[in-house]
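Letter by letter, the chains look like this.
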Amino acid sequence: MKLYSTLDRGVVQVKPLVKGRISMYSCGPTVYFRMHIGNIRAYVNWDILHKAFLYLGYDVKRVMNLTDVGHMTDDTDFGEDKIEKSASSEGVTPREIANQYIRTVLEDFSRMNILSPSGESIDLKLEIGKVKEYGFLRATEYIPEMIEMIQKIEGNGCTYETEQAVYFDVSKISDYTIFTGQSLDEKTEGARDEVNVDPGKRHPADFVLWMKRVGKYENHTMHWKSPWGDGFPGWHIECSAMSIDALGKEFDIHTGGIDHIPIHHPNERAQNIGAMGRSVVSYWIHNEWVVMGDDMKMSKSGGSSVVLDDIVDMGFDFLDLRYLFVSVNYHIKINFSKKALHGARNSRLALVSRLRELKNEADGEGELIHEYVERFKECLDDSLNISKVLALINEMIKSDKKAEDVLVTIYDFDKVLSLDLEASVEDVGLDIPEEILKLVERREEARRGKDFELADSIRGQIGDMGYMVVDSADGFNIEKI
Ligand code: AMP
Ligand code: ZN
C-alpha cells in the first residue's frame, strides 16, 4: 500500500518489516473528556487503514494507548495533569475519571463502527479491566516499562537530572527536528519563558521523562517510586514504552494527528533512538484536522467542539458522519458543517436507495465481480483513495453487471467502509408519518409551480424531522434518515 509518510514528505510504498504483516501503533485519546468529532475523525481514519490492510490480506497487529497520566494542559512540561485536573473538578479519583471516559471512548467507537485496535467489534459490555485484550493500552499499567526505558536512555547518556525532573537532552539527537525541518532555535522560539519554570532545564526543547513529586507536584495524586525518586512519567515516554513493548523494537506504522508533528512524535522518536539506538518506526502517518467555520480547528478548549450526541440532536445518523469522514482522505482537512453533513447524508441515502433498486432486480445469490474487487484494492493501495472507491461503486451500479453480483461486491467493499450498507438496504420497514407526507405533497406542489426556493426549504424542514426525499427519474422516494 502507498501512504503519505510525513518523514518522506510524500506518498511512498509501504514495505512491511515482515512480508504480509503490518504492525501499527495509534496515538490514542487522553481520557479526561468526551471525544469531539475531530478526535473521532482520527480514529475513523486509522480504522479504515486497519480494515484496508485486512482486506488486502495482511495480518495486522495493532495497539492504541489510552493516556491516563502525565499529559499536561497546553502540552507544556509544567502544566497541570489533565486527568488530575478533571478528577479534582469532578470530585472523584483520577482512576475514576479515566474509567468513566474510557467507557465513552468505547461507546463512541462502537457508534462509529470503529474496530478495537485488536480488530474486533466493540461489545459495550466489555469490562474496563479487560480493554488491554482489545489492544487498548493504559499508560498507568506500563510504569515499570517506562522506567526501564528511561534507564536505558540514561545509560546511553541522553538525559540529565534536575531537582524537579529527569529530562531528555534533545541535543543528543542530531536529526531531532527532522519532522519539521526547522532548526532547533527556530522550533523553540517563543517557548523560552518555560525554561524559567525549572532553572536547571538546559534547552526549551528538552522534555520531561520523569517528573519528581516536588514543588508544584508535591501533592500529585498519581505517583510511583523510581530510581529518580517518587513521581510520575512525562507524557511522551508512554507511547515509546508501550509501542515497543507491544510491537517490538521495530514496527511498521505509527499514526497520530498533525498536532503531533512538531513535538510529541519528534520526542517519541528521540526516546526510541536514545533507548534502542534506532528510530523503531518505519512510517509516521498523520491525519489532518476537522475544522469549523473560518478554518478553526475543532478543539475542546476552543469551545467549538461537536460530540456524537450533537450529531443525533441535529437529526443525523452516525453513519452520515462516517460517510463524511470516509469520503475525505486522511491527508485532507475536513470543513465540518451541517451543510457538509447534509451532503454526506444525501449521498449515503441515494446510494442506499440505488442498492435497494438493485436488490429488487437481483435474481438469486450473487458472486464477487473480480474485476471490480481488483480495482477496489488498487484504490485502497493508492493511499486510501476512498473518493475513487465511491466513484467505482457508482460505475458498478450503472454497469451492465448482474444486480446480484454488484450488490455482493459492494457489500464486500463495505467491510472497509463500514457504512452498514446491507443493513440499511434491508431496513425498509418505513412507517411514514402523516405530517411528512403532507409536507412532501406541499413540496411537490411548489416544484410544479416552479417555486424551487420554497421546495428546498420544505425539503430542509422534512430533513429536520428525520426524513429525506430522494428524487429519481420516475418520481421520488421518502427515506428515514
Ligand atoms: P488528544 O486526546 O487531544 O490527545 O487527541 C486525540 C487525537 O485526536 C490526536 O491524535 C489528535 O491529533 C486528534 N485530534 C484532536 N483534535 C482534532 C481535530 N480537530 N481534527 C482531527 N484530529 C484531531
Ligand atoms: Zn503518542
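Residues numbered from 1 in each chain as written. Chains lettered and ligands numbered in written order. Predicted model: local features only at pLDDT ≥ 70, side-chain atom pairs only at ≥ 80, totals over all residues. Heavy atoms only, no water.

**Section: the nonpolar core**
Ranked by size, the top nonpolar core spans 142 residues in total, and within it L3, L321, F325, F336 and L355 carry the most contacts. Here this core gets 11 residues from one element, more than from any other, and that element is helix α1 (residues 37-55). Residue-level mapping places this core at the junction of two domains, with at least three residues from each of domain 1 (2-287) and domain 2 (292-431). When residues no more than four places from it in sequence are discounted, the contact partners of F336 are I37, V290, V291, M292, M298, V306, I311, M314, L321, L324 and L341. Counting residues in each nonpolar core, the second largest holds 8 residues, with L439, V440, I458 and V469 among its members. (Core = buried A, V, L, I, M, F, W, Y, C linked by side-chain atoms within 4.5 Å. Buried < 20%, exposed > 50% of the residue type's maximum accessible area, 1.4 Å probe, protein only. Helix = DSSP H or I, 4+ residues; strand = E, 2+ residues; numbered from the N terminus. Domains from an automatic or database assignment. Contact = heavy atoms within 4.5 Å.)

**Section: the coordination of the zinc ion (ligand 2)**
Taken together, the protein donors to the zinc ion (ligand 2) comprise C27 (SG), C239 (SG) and H264 (NE2), at separations of 2.0 to 2.1 Å. Going along the chain, you hit the donors of the zinc ion (ligand 2) in the pattern C-x211-C-x24-H. With C27 in the loop between β3 (21-26) and α1 and C239 in helix α6 (residues 235-247), the pair connects residues that are 212 residues apart, well separated along the chain. Residue classification places C27 among the buried positions, given a relative accessible area of 8%. What makes C239 buried here is its relative accessible area of 0%. (Donors = N, O, S within 2.8 Å, 3.2 Å for Na, K, Ca; no water.)

**A closer look at the sheet that holds strand β10 (residues 251-257)**
The parallel open sheet is built from 5 strands, whose spatial order is β5-β4-β3-β10-β11. In this open sheet, the two edge strands, each paired with only one partner strand, are β5 (136-138) and β11 (281-287). On average, each strand axis in the sheet is inclined to that of its neighbour by 25 degrees, with strand direction left out of account. Examined bridge by bridge, β3 and β10 share 3 bridges and lie parallel to one another. (Pairing = 2+ DSSP bridges. Axes fitted to C-alpha atoms, helices over the stretch in contact; angles between N-to-C directions.)

**Some thoughts on the packing of aromatic side chains**
Counted under the stated rule, the structure contains 12 aromatic pairs. Both rings, one in F109 and one in F136, keep their centres 5.8 Å apart while their planes meet at 55 degrees; by these two values the pair is tilted. Residue F109 is located in helix α3 (residues 94-111), and its partner F136 is located in strand β5; the two are separated by 27 residues in the primary sequence. Aromatic pair F376 and F413: ring centres 3.9 Å apart, planes at 10 degrees, arrangement stacked. On the criterion of sequence distance, the pair formed by F376 in helix α11 (residues 370-381) and F413 in helix α13 (residues 403-417) is long-range, its members being 37 residues apart. Taken as a pair, F376 and F413 share a single burial class, namely buried. (Phe/Tyr/Trp six-rings, centres within 6.5 Å; stacked < 30°, edge-to-face > 60°.)

**A few points about the packing of helix α4 (residues 143-155) against helix α7 (residues 264-276)**
With their axes 7 Å apart at the nearest point, α4 and α7 run at an angle of 70 degrees to one another. As far as their axial angle goes, α7 and α4 are roughly perpendicular. Like other packed secondary-structure pairs, α4 and α7 cross with a definite hand, here left-handed. Seen from α4, the contacting residues are M149, K152 and I153; seen from α7, they are Q271, N272, G274, A275 and M276. Per-class residue counts for the contact of α4 with α7 are 4 nonpolar, 3 polar and 1 charged. (Parallel < 35°, antiparallel > 145°, perpendicular 65-115°, else oblique. Left-handed = near helix turned anticlockwise from the far one by under 90°. Nonpolar A, V, L, I, M, F, W, Y, C, P; charged D, E, K, R; others polar.)

**A few points about the site of ligand 1**
Residues in close proximity to ligand 1 total 16 residues, the closest being G38, G257, D259, V290 and M298. At a separation of 3.4 Å, a nitrogen atom of ligand 1 approaches a polar side-chain atom of N287. Residue M298 places a main-chain N or O atom 2.8 Å away from a nitrogen atom belonging to ligand 1. Coverage of ligand 1 by the protein chains reaches 94% of its 490 Å² of free accessible surface. Across the shell around ligand 1, the residue classes tally to 5 nonpolar, 8 polar and 3 charged. (Near = heavy atom within 4 Å. Polar contact = N/O pair within 3.5 Å; in protein donor to acceptor, adjacent residues only side chain to side chain. Areas by Shrake-Rupley, 256 points an atom, 1.4 Å probe, with all protein chains shown as cover.)

**Here we look at the domain arrangement of the chain**
Domain annotation for the chain reports domain 1 (2-287), domain 2 (292-431) and domain 3 (432-481). Here the C-alpha centre of domain 3 lies 23 Å away from the C-alpha centre of domain 2. Across the domain 2/domain 3 interface, buried area totals approximately 1000 Å², and carbon plus sulfur atoms make up 56% of it. Connecting domain 2 to domain 3 are 1 salt bridge. When the shortest N-O distance is used, the salt bridge between D464 and K338 registers 3.8 Å. Taken together, the connections running from domain 2 to domain 3 amount to 0 residue pairs in polar contact (both at pLDDT 80 or more). Top contributing element to the side of domain 2 that touches domain 3 by residue count: helix α10 (residues 338-361), with 7 residues. (Buried area = accessible area lost by both parts, 1.4 Å probe. Salt bridge = Lys/Arg side-chain N within 4 Å of Asp/Glu carboxyl O.)

**Focus on the packing of α1 against α13**
Think of two packed helices as two axes; the pair is described by the angle between the axes and how far apart they sit. At a minimum axis separation of 7 Å, α1 and α13 run at an interaxial angle of 135 degrees. By the angle between their directions, the pair α1 and α13 is classed as oblique. Across the interface between the two elements, I48, K51, A52 and Y55 of α1 pack against D412, F413, K415 and V416 of α13. Among the residues making up the contact of α1 with α13, the classes are represented as 5 nonpolar, no polar and 3 charged.

**Description of the sheet that holds strand β9 (residues 231-233)**
Hydrogen bonds along the backbone pair up the strands of a sheet, which may run parallel or antiparallel. Here 4 strands make up an open sheet; going across it, the order is β6-β7-β8-β9 and the pairing antiparallel. Strands at the two margins of the open sheet, each flanked by one partner only, are β6 (159-161) and β9. Strand-to-strand twist in this sheet, taken as the mean axis angle between neighbours without regard to direction, amounts to 20 degrees. Pairing of strand β8 (residues 207-212) with β9 involves 3 bridges; the strand directions are antiparallel.

**Structural notes on α11**
Under the 1.5 Å per step criterion, the end-to-end length of α11 is 16 Å for 12 residues, consistent within 8% with the ideal 16 Å. Among the residues of α11, those classed as buried are Y372, V373, F376, C379 and L380. In an axial view of α11, the angular spread of the buried residues amounts to 115 degrees, which keeps them on one side of the axis. Turned more than 90 degrees off the buried face of α11, the exposed positions are H370 and E378. Considering only its buried residues, α11 is in contact with α1, α12 (386-398) and α13. (Expected span 1.5 Å × (residues − 1). Arc of directions from axis to C-beta.)

**Quick look at the environment of V389**
Mapped onto the elements, V389 comes out in helix α12. Taking the C-alpha atoms as reference, V389 lies 38 Å from N99; in sequence the two are 290 residues apart. The contact partners of V389, leaving out residues within four places of it in the chain, are F376, C379 and L417.

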